[in-house]
Structures are given as C-alpha cells and as structure tokens.
Amino acid sequence: MSEVVGIDLGTTNSLAAKIIDGKPVVLKDSSGNGLVPSVISFHSDGSVLVGTEAKARSLTDPLHTIFSVKRLMGRSLEDLKSVIGLIPQAIHETDAGEGRKVLCVDIGGKSHTPEELSAIILREVRRRAGNPIRAVITVPAHFDESQRQATRDAGKIAGLEVLRIINEPTAAALAYGLDRRRKGTIAVYDFGGGTFDCTILNLQDGVFRVLSTGGDTRLGGDDIDRMLMSLLLGEMGLDSKDADPTLLQNLRDLSERAKIALSDAETTTVSLPPSQQYPTGKTREISRGEFEELILPLVKKSLDRCRVALRDAKKTQTQIDEVALVGGSTRIPLIRRLVGEFFGRKPHTELNPDEAVALGAAIQGDILTGNRRQTLLLDVVPLSLGIVTFGGAVSKLIHRNTTIPARATERFTTAVDNQTAVEINIVQGERELAKDCRNLGRFKLSGIPPMPAQMAQVDVTFLIDADGLLTVSAKEQRSGQEAKVSVKPAHGLTDEEVERMVLESVDHARDDFRARRLIELKAKGATLVSHTKRTLSRSDLTIDPDERKLIEGAVAGVEQSSQTDDITTAEAGDKLNAAINHLSEVTLPLATRVMDETAKQVLSERAPEQVTTGLIS
Ligand code: ADP
Ligand code: MG
C-alpha cells in the first residue's frame, strides 16, 4: 500500500508529516521550514506564490493576497457576516441551481472557490511530501458537515485521495501518545494564529471520543500581533486607517517577531526603520512583563472558553487527567503557566505545538493502512441534526456532541389528509426554527397510500458512519415505501464541479492524475464486479448459459485489468476503463430485466401524488 501523508490544513500555517522508520516526521523544505503559511498571492503575470513569500505581501498587496481561506470553507455568505470584514477581497455567492450556492472569492482577476484556494495550499504542502496520493487531513472538532466536505473536495482538487478527515485535537492527542493510557479525560488547548479551540476528549480502552468542543473563531495569535501593532501605532501618533500599507506590513512583521522573541527572552527591541511616512523611524523596548499585561485579557478569554467546554463535557478541572498544548501561540510562557494553573496540572509540551496535529494525522494514516496498533478514533457530531417538521420547526434526531458512528430513528406522521408524498428537509444547528439552521439537503418520500392525516407512520432514520457521512432514510410503515439520501451539503461543490477543477488545476502532474484515475477506476470496477456476481448468483433469475459465459468473461477482464499499479503511461487506466465499459455493456440486458421486475412491483398501484413539506411528530 502506498504511503499516506498527514496534513494539518491550518488557518495560519499548513504542514505535512509522514511516517519514516516507524516515527512521524514533519516534512521540511530545503531551508528547514516545515510550516507553509496558508497564504496565496496572485500576480499580474499569472504566477501564484504560496507560503512565506505570499505572506510577506499580505499587507502591501492585500487585494492580490489571500489568507485565512479556512474560514471560508463550506460556508455561505450568510455564515460569514462576522468575518467578512477581515478579508480584503470581494466575496460573492453564485447560484448553482436547485437552491445550491457556491461561494467565490475574486482575486487576481478571477473567481476562485475556497476549495480551489485551499487546494493550492494543499498542493504546496503535498509537494514537500514528495507528491503522495493518499492523505489524512485534519479539521477543527467543531467543523460541520459542509466544512468537512469542502475540505475533502479541496484535497481531491489537489490530487489527493482523502482517506479520512479527522479532528485536530484527536490528532494532537494521538501525537502525544495519550492513547497509550488505558482510560482518562484529556483537554486539548489549541491557540493558533487566527482561532482558539478547547476540546475535551475521553479515552476508554484505547478509544478516543470527543466529549465537547469550545472555542472562539476570532481569537488567535494574530490578535496579539494586532495589539502590539496598535500599541506602536498609538505611540507613533498614527491610526491604522491612515498608515500606508508598507508601513503596516513592516509593523505587523515586527510585532509578530517581537512576540515570538518574548517567548524566549525577557525583553526585546522593535526597530522600525525610517520611511517616507515616518521619517524618524521608531525603536521601542518591550519587556515580557509589559507584554504579558497586554495580552492577559486574551488569555483569560480563552480560559473562559475552556470553562464552557468543561461544563458541556460535564467535567471539572480535577477530572482532567492530561492537558495537551497545541498551536504556535502556546509557546508563550504566560499561556503555558495560566493553562497549567487553570487545569491544575502541567500541560504536555514535549512536541512542537504547531506540529502536533500533522504528526497525529500521519499516525492516523499509518493506522488506516494497518501498520499500527488499532486505535479507534471516535468523534462527535459538532451540531445537532434533525428534520423540518410541518410549519417550519426543527425536530432534532441526533444531538450535538453525540459520538459517531451514531444512529437515531423517530416516528412521524402526516399533517394533512391524503398526503401521498412528503418532502424531508435535513437541517443542522441548535436553533428551534428551520430558518435559523443550516440546510443540509432534502429528499422526497413518495408512494404513501392516500389516508387520513396522522394515519401514516413514517420512521425517519439518521445514520452517521465512522467517517462522519450522514445518510437519512424514511420509511412509511403501512405501505413499506422507503427513500433515502446520503447528505451532500446544500452549500458547496458537486462531484462534477470538483472533477472539473481537478482537470483544470494548473500544475496537476500527469502522474498524479493517472494514479488517482487508476484508484478510482479500480474502486468502480470492484463495485461493478461484486454487483454483477451477486446478480449472477440469484436463483430467481433465468440467465441463458451463453449470456452467463459472456458476463463471466467480462468480469474476469475487469479483475485482470485491476491487477496493476503501472502509471508510467495512461495505458493501464485506459485498459481498465475499457474492461469496465465492456462489462457494463454485456450486463445491460440483464440489468434491464432486473429493473423491469422491480419497477413492476413498485408501480402496481399508485394514486396521483400530493406532496407536502414536513411531517409532524
Ligand atoms: P494555525 O493552527 O492557526 O494555522 P499555528 O498553530 O501554526 O496556526 O500558530 C500560528 C501562530 O503561532 C501565529 O500567530 C504565530 O505568530 C504564533 N507563534 C509561533 N511561534 C510562536 C512563539 N515562539 N511565540 C509566540 N507565538 C508564536
Ligand atoms: Mg492549528
């Protein structure tokens, strides 16, 4: 099995790790940098910079430089109200039909979806890892279905087969080896560049479970930089609104550097060289004491969030057995100290806090390929899931913080007489009214026999598998009619759009494309083969011996063509594709016969359909 890379796709920094000689290792560029700043800058000559060079331009050329793309992933314009001010580019939503919307960022004279932008970052990270095909990518524990799906799609556009999306805190706990204790409760305190997350994990017999998540999507190291920056600007008698961009960029970089220096030194000096706008330049000494006083409110705010997470997990500080620090900002001594005091124990700091998540993702990749002790990673549903009932209220089936995999069934009935079909709308959120929740998708259950209101019995089942994919099904008990959907978020890209982006993506190496195509064709072939074999073994079907022989030959053809990993040319993929097409062709008459029989049963008797949205409980 090919190697799997673990990727931490961060708001501020992204990085990859791989297992080398049994140990997870962060992959670095030639100058020893593991972190790739999650910043992209587009140039008029068509070139695209990613990482450190792009970050250096974020304030001098704000319109062509984008950062914090992660905040946009899987979000609608409506969701983004509170953060849109932080992003200098024009952001709009295009209507993709059937109520589905796609978010676009205008940059470099072109519209890009957040998925495409994240894919640019992923591709850069991937290149460092030697262009692997398979990946485990991490997301914050509070990410909802749309955000996770958008991350999966970004991976696909970057030419990756995303084996699994896992929660960042779970990855961090794994990196710290906390799965080695038999049981316990773990707090993961993650103070990154733009966001803060606190997660309470439970560990039982080597199985992780997220008990609760808390945090603030607008609290991070950037805020500390901004505080230092406004301190300096204030003393210079300037306002950030009238300072010129180059000066601002300089001050921002100096502030971040001073902050980082103060994690090791007791004092540091900021030296701003003279510039046109500020001819005298500025030199300012900052002590750790002054710095700590400045940032204390931010740290306290983060601890308030920890308190909420503890409350949601129904735990007290004394019940926490381990505390892990994650995120670059936890290098700040004040944070280490206060977090330690808050939880009443010394936090784990053995790993580089900005690398722990990627290291854990690499370990998870290793587990998935069967190379490691079997640790199950259970996650929780970040937000409640339910359906819209008649009149627009929400009936929740799976509550927030439920462990996945999860299943819940509830019985509903029809609201009006002779209702022969019902539209089931799936929503996610904590609010009581559907209009305040996120729409995840909808489907129709048809063929309910006409009967008076409240006579029908519709069982709605929500099933979330270990990968967090949601399937909703509905079954009317009297008639046996059934319908189901696998939920694809109402916001975001369709498979076809992702596919097109994959093909369009500029530096998508041919080899990657071939390898991925082969993986997908193999999966397609395997499904078709198993389906065909199942049909061939059905005793209720009469199959002519010649037809059977023809089909069996085609099955063998697919099986044979699947036995290759050769991607030096497109030939292996083409051959497999042809074998699959041949199998589809020769099974067509049989498939049609099977379909006809099923349809005959279903169509036996049907009244004109009357669709109503929503059931009642
Ligand atoms: P994210 O998870 O948000 O992508 P990281 O975990 O990489 O980000 O954290 C980035 C933040 O950590 C930045 O604000 C950076 O300035 C800060 N940081 C990195 N090193 C230090 C340090 N030694 N002291 C204080 N802050 C640091
Ligand atoms: Mg992070």
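That block above? That's the structure.
Residues numbered from 1 in each chain as written. Chains lettered and ligands numbered in written order. Predicted model: local features only at pLDDT ≥ 70, side-chain atom pairs only at ≥ 80, totals over all residues. Heavy atoms only, no water.

Draft legend 1. View of the overall build of the protein. A tally of regular secondary structure across the protein gives 13 helices and 30 strands. With the principal axes as the frame, the protein shows a C-alpha extent of 90 × 60 × 50 Å. Per-residue burial for the protein yields a buried fraction of 53% across its 617 residues. For the protein, long-range pairs separated by at least 24 residues make up 67% of all intrachain contacts whose partners lie at least 6 apart in sequence. When the accessible area of the protein is evaluated, it comes to approximately 27,900 Å², of which 50% is carbon and sulfur surface. Side-chain charges in the protein split into 78 positive and 86 negative, and the spacing between the mean points of these groups amounts to 3 Å. (Helix = DSSP H or I, 4+ residues; strand = E, 2+ residues; numbered from the N terminus. Buried < 20%, exposed > 50% of the residue type's maximum accessible area, 1.4 Å probe, protein only. Contact = heavy atoms within 4.5 Å. Areas by Shrake-Rupley, 256 points an atom, 1.4 Å probe, with all protein chains shown as cover. Lys, Arg positive; Asp, Glu negative; His and termini not counted. Charge placed at Lys NZ, Arg CZ, Asp CG, Glu CD.)

Draft legend 2. How the structure looks around helix α7 (residues 288-312). Look at α7: 34 Å from first C-alpha to last across 25 residues, which is about the 36 Å you get at 1.5 Å a residue. At I295, α7 shows its strongest bend, of approximately 45°, with the proline P297 following within four residues. Those residues of α7 that fall on the buried side of the exposure criterion are R288, F291, E292, I295, L298, V299, S302, L303, C306, A309 and L310. In the stretch just after α7, K314 is the one whose phi turns positive, near 55°. (Expected span 1.5 Å × (residues − 1). Bend = angle between axes of the 7 residues up to and from the residue.)

Draft legend 3. Region of interest: unusual backbone geometry. Despite not being glycine, D21 has its phi angle at roughly 50°, a positive value. Positionally, D21 belongs in the loop between β2 (13-20) and β3 (23-26). Phi is positive for K314, close to 55°, though the residue is something other than glycine. As for its position among the elements, K314 is in the loop between α7 and β18 (322-326).

Draft legend 4. Geometry of the pattern of salt bridges. Scanning the entire structure with this criterion turns up 30 salt bridges. K301 is the salt-bridge partner of D216, the closest N and O atoms lying 4.0 Å from each other. With D216 in strand β15 (residues 207-216) and K301 in helix α7, this pair connects stretches of sequence that are 85 residues apart. The class for K301 is partly exposed, based on a relative accessible area of 37%. Ionic pairing is found between R538 and D540, a salt bridge with its closest N-O pair at 3.1 Å. Residue classification places R538 among the partly exposed positions, given a relative accessible area of 33%. (Salt bridge = Lys/Arg side-chain N within 4 Å of Asp/Glu carboxyl O.)

Draft legend 5. Quick look at the site of ligand 1. Of all residues adjacent to ligand 1, which total 19 residues, the nearest are T12, N13, E256, K259 and S263. Contact distances for ligand 1 include 3.3 Å between an oxygen atom and a backbone N or O atom of T11. Note that an oxygen atom of ligand 1 is positioned 2.6 Å from one of the side-chain N or O atoms of K259. Coverage of ligand 1 by the protein amounts to 91% of the 580 Å² it exposes when considered alone. Every element with two or more residues in the shell around ligand 1 is listed here: α5 (221-235) and α6 (245-262). Sorting elements by how many residues they give to the shell around ligand 1 places α6 first, with 3 residues. Here the shell around ligand 1 is composed, by residue class, of 2 nonpolar, 12 polar and 5 charged. Split by domain, the residues of the shell around ligand 1 number at least three in each of domain 1 (4-220 + 295-378) and domain 2 (221-294). (Near = heavy atom within 4 Å. Polar contact = N/O pair within 3.5 Å; in protein donor to acceptor, adjacent residues only side chain to side chain. Nonpolar A, V, L, I, M, F, W, Y, C, P; charged D, E, K, R; others polar. Domains from an automatic or database assignment.)

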